[in-house]
There are 2 protein chains.
Amino acid sequence: MAQRKVISFENIRVACRNCTLSQLCLPMGLVAEDVDRLDGIIKRSRPMHRGDHLFRGGERFRSLFVVKTGSVKTYAPSSEGGEQVLGFHLPGEIIGLDAIEKDCHACSAKVLETSAICEIPFHRLEELASSIPSLQHQMFRLLSKEIGHDAEMLLLLGKKNAEERLAAFLISMSKRLSKRGLSATDFYLSMSRHEIGNYLGLAVETVSRLFTRFQDEGLLNVDRKHVQVLDLRSLEGIAGIVQAEDHQQHSN
Amino acid sequence: MAQRKVISFENIRVACRNCTLSQLCLPMGLVAEDVDRLDGIIKRSRPMHRGDHLFRGGERFRSLFVVKTGSVKTYAPSSEGGEQVLGFHLPGEIIGLDAIEKDCHACSAKVLETSAICEIPFHRLEELASSIPSLQHQMFRLLSKEIGHDAEMLLLLGKKNAEERLAAFLISMSKRLSKRGLSATDFYLSMSRHEIGNYLGLAVETVSRLFTRFQDEGLLNVDRKHVQVLDLRSLEGIAGIVQAEDHQQHSN
DNA sequence: AACTCTGCTTGATTTGGATCAAGCGTAATC
DNA sequence: GATTACGCTTGATCCAAATCAAGCAGAGTT
């Protein structure tokens, strides 16, 4: 126990204050001193590999997890054996927020590629939030953001057709990756066509056909998991994103 | 300003501490003294009527709203003129949580029938939460609950067919109403068939046909907005609610 | 009572995407 | 280099629910 308080060389290297994601993640809006206090409760694990679970549905809720590098999918069992992919999580994004209420995980989280993950014991985070108003505020914001994102997904699944869904998915990936300093037009998808289809409420075959169609129409080049977006504007048009008057505030 | 501190007879009558919803709503888990502090920041308005808005998309976010009596729907504009119904809100439920992050409402909230609404200025609630750990915890729980509920909706829209969706909707209404002390099997729906269909991602005609079919199959009696559930178990079966409690680890 | 409006129901037809059914390409294993 | 396996693509067929099209019933108005 006492040993954990020793700040090792490793811990300094990976500390929140040096993390390029700190402005997307929990530390956002915190002063340096508070970032260090937050840093003090975060556990960092060995790298995790494709297929490893952060947690499984049914397990007791203890910690939130943040993707540092790599990617993670969350999914829930559906009534008849199948599963529903609930989301794909990129660096800086927080996983496990839905478990706070029931104190138990309702979904599972599995890493899609070799990933580094930060673990945050929730009760310690709550204690800290009580004494750091800007951390409390940031946590409310993060929870709220998740709700807003879910509402967008409801709209997508309730009102959009297959083409609009895939376009919206690609635009979302593009936006999120570029926020993390990666290319908005050239990226690798870590999830399978099957997982994309599941997430978007479409059959694998439909997803595959749409990738082909988008390529035929000159919107993108696709080679397996490698996507190059050639016409971002048209893709946004298909996704139903109004570009005239693009009123700031497009977070996510 | 000074006048607002005078506790009027009216305020005492409708105070949180006397509210039958307090165990479903924000005061849950708070000691009496803290309930009174919470009560001190809540504004109560004149009754609102069918069609009135609590807020509209685009407006600055200032307050959360809680339904005290009646019901409210939230909805967002979809790309082509239409709208997506995001939720129906019953007494004790909190509205506006998705706006915290952007500091601006992305959706609109409209009352479906004559309703009483409590308004909670968010910045004051945040201040209070900083000094009352159990209130902070309850707010995290409420935000988390909303996320969990949205995940259920994603599963519904992504994986369930029309019949399963309507059954799940009716079961949800039944459960929520009975929690509020009303009948689980005999209730009035305050929303139109059109709104139900919109919410569930179905055409009005499909909703109407399903009500007829459920009635023909002896699952319920329907007369306009009045629903009597005759066979709750079968309805749960259709909705895909496993009653045998057998959720092993569906990995993948 | 007749008229209108709006929300709901019912029937006929269409269709987007699911499902079924092969094949194909790449990567891992032998 | 052959073999297997899995993920992806492509084509053919099918079906659940959307759309189109009336008609109907209750609530409010004249």
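The shown structure was predicted, so the numbers you read here are calculated from the model rather than taken from an experiment.

Peer 1: Go over the protein's contact with DNA strand D with me, naming the residues and quoting the values.
Peer 2: Taken together, 17 residues lie near DNA strand D, and Ser208, Arg209 and Thr212 of chain A together with Ala162 and Thr206 of chain B sit nearest. At 3.4 Å from a phosphate oxygen of DNA strand D is found a main-chain nitrogen or oxygen belonging to Gly201 of chain B. Within the side chain of Arg209 of chain B, an N or O atom sits 3.0 Å from a base oxygen of DNA strand D. Considering each element in turn, the surface near DNA strand D owes the most residues, four residues, to helix H7 (residues 204–216) of chain A. Within the surface near DNA strand D, the residues separate by chemical class into three nonpolar, seven polar and seven charged.

Peer 1: I'd like a description of the sheet that holds strand S6 (residues 94–95) of chain A, backed by residues and values.
Peer 2: All names here are of chain A. Strand order across the open sheet formed by four strands is S1-S8-S3-S6, with antiparallel pairing between neighbours. Edge positions in the open sheet fall to strand S1 (43–44) and S6, since each of these has one partner strand only. Here strand S3 (residues 63–69) runs beside strand S8 (residues 116–121); their pairing, made up of six bridges, is antiparallel. What sits directly across from Leu64, in S8, is Ile120. In the packing of helix H3 (residues 122–131) onto the sheet, contacts are made with S3 and S8, and the angle to S8 comes to roughly 65°.

Peer 1: Describe the UniProt feature "domain: HTH crp-type" (unreviewed entry) in chain A, with residues and values.
Peer 2: Per the UniProt entry, the sites bearing "domain: HTH crp-type" (unreviewed entry) are residues 160–233 of chain A in this numbering. Helix and strand shares over residues 160–233 of chain A are 55% and 15% respectively, and the end C-alpha atoms of the span are 18 Å apart.

Peer 1: Give a description of the interface of chain A and chain B that names residues and reports values.
Peer 2: Contact residues are listed per partner, giving 48 residues for chain A and 45 residues for chain B. Residue Glu101 of chain B pairs with Arg141 of chain A through a salt bridge whose shortest N-O separation is 4.0 Å. One can count 21 residue pairs in polar contact (both at pLDDT 80 or more) joining chain A with chain B. Elements with a contribution of two residues or more to the side of chain A that touches chain B: strand S4 (72–77), strand S5 (83–89), H3 and helix H4 (133–159) of chain A. A total of 20 residues in the side of chain A that touches chain B trace back to one element, the largest contributor, which is H4 of chain A. Of the residues that constitute the side of chain A that touches chain B, the class distribution is 19 nonpolar, 16 polar and 13 charged.

Peer 1: Kindly report on the UniProt feature "domain: Cyclic nucleotide-binding" (unreviewed entry) in chain A, identifying the contributing residues and their values.
Peer 2: UniProt feature "domain: Cyclic nucleotide-binding" (unreviewed entry): in the numbering of this structure it lies at residues 51–100 of chain A. In residues 51–100 of chain A, the share of helix is 0% and the share of strand is 50%. The end C-alpha atoms are 24 Å apart.

Peer 1: Go over the pairing of strand S4 (residues 72–77) of chain B, please, and point to the residues and values.
Peer 2: Residue and element names in this part refer to chain B. Of all the six residues making up S4, five are buried; the element is thus mostly covered by neighbouring parts of the structure. Note: S4 against strand S5 (residues 83–89), six bridges, orientation antiparallel. Looking across to S5, one finds that Thr74 is bridged to Gly87. Where S4 hands over to S5, the hairpin turn is made up of five residues, of which Gly81 adopts a positive phi near 70°.

Peer 1: Describe in detail the protein's contact with DNA strand C, supporting the description with residues and values.
Peer 2: In the region of DNA strand C, 17 residues are neighbours, and Ala162 and Thr206 of chain A together with Ser208, Arg209 and Thr212 of chain B sit closest. Restricting attention to atoms of DNA strand C within 4 Å of the protein, one finds that 62% of them are sugar or phosphate atoms. At 3.4 Å, a backbone N or O of Gly201 of chain A approaches a phosphate oxygen of DNA strand C. Here a base nitrogen of DNA strand C and a side-chain polar atom of Glu205 of chain A are 3.0 Å apart. Of all the elements in the fold, those that place two or more residues in the surface near DNA strand C are H7 of chain A together with helix H6 (193–200) and helix H7 (204–216) of chain B. Taken together, the residues of the surface near DNA strand C sort by class into three nonpolar, seven polar and seven charged.

Peer 1: Give me the lowdown on the domain arrangement of chain A, citing residues and values where you can.
Peer 2: All names here are of chain A. Segmentation of chain A into domains returns domain 1 (2–142) and domain 2 (160–239). Computed from C-alpha atoms alone, the centre-to-centre distance between domain 1 and domain 2 is 27 Å. At the boundary of domain 1 with domain 2, total buried surface from both sides reaches about 1,200 Å², with 57% on carbon and sulfur atoms. Of all residues in domain 1, Leu24, Phe88 and Leu90 bury the most surface against domain 2, accounting for 46% of the area lost on that side. Joining domain 1 to domain 2, the criterion identifies three salt bridges. Across the salt bridge formed by Glu195 and Lys73, the nearest N and O atoms sit 3.0 Å from each other. Where domain 1 packs against domain 2, one counts nine residue pairs in polar contact (both at pLDDT 80 or more).

Peer 1: Before we move on, can you summarise the sheet that holds strand S7 (residues 108–111) of chain B with the specific residues and values?
Peer 2: Residue and element names in this part refer to chain B. Strand order across the open sheet formed by four strands is S2-S7-S4-S5, with antiparallel pairing between neighbours. Single-partner strands in this sheet number two, and they are strand S2 (53–55) and S5. Each neighbouring strand pair of the sheet contributes to a mean axis angle of 30°, computed without reference to strand direction. Pairing analysis gives two bridges linking S2 to S7, with the strands arranged antiparallel. Pairing of Phe55 across the sheet is with Ala109, part of S7.

Reading the values: rules and limits
- Residues numbered from 1 in each chain as written.
- Chains lettered and ligands numbered in written order.
- Predicted model: local features only at pLDDT ≥ 70, side-chain atom pairs only at ≥ 80, totals over all residues.
- Heavy atoms only, no water.
- Near = heavy atom within 4 Å.
- Polar contact = N/O pair within 3.5 Å; in protein donor to acceptor, adjacent residues only side chain to side chain.
- Helix = DSSP H or I, 4+ residues; strand = E, 2+ residues; numbered from the N terminus.
- Nonpolar A, V, L, I, M, F, W, Y, C, P; charged D, E, K, R; others polar.
- Pairing = 2+ DSSP bridges.
- Contact = heavy atoms within 4.5 Å.
- Axes fitted to C-alpha atoms, helices over the stretch in contact; angles between N-to-C directions.
- UniProt positions renumbered as here; feature names shortened; annotations may be inferred.
- Salt bridge = Lys/Arg side-chain N within 4 Å of Asp/Glu carboxyl O.
- Buried < 20%, exposed > 50% of the residue type's maximum accessible area, 1.4 Å probe, protein only.
- Domains from an automatic or database assignment.
- Buried area = accessible area lost by both parts, 1.4 Å probe.

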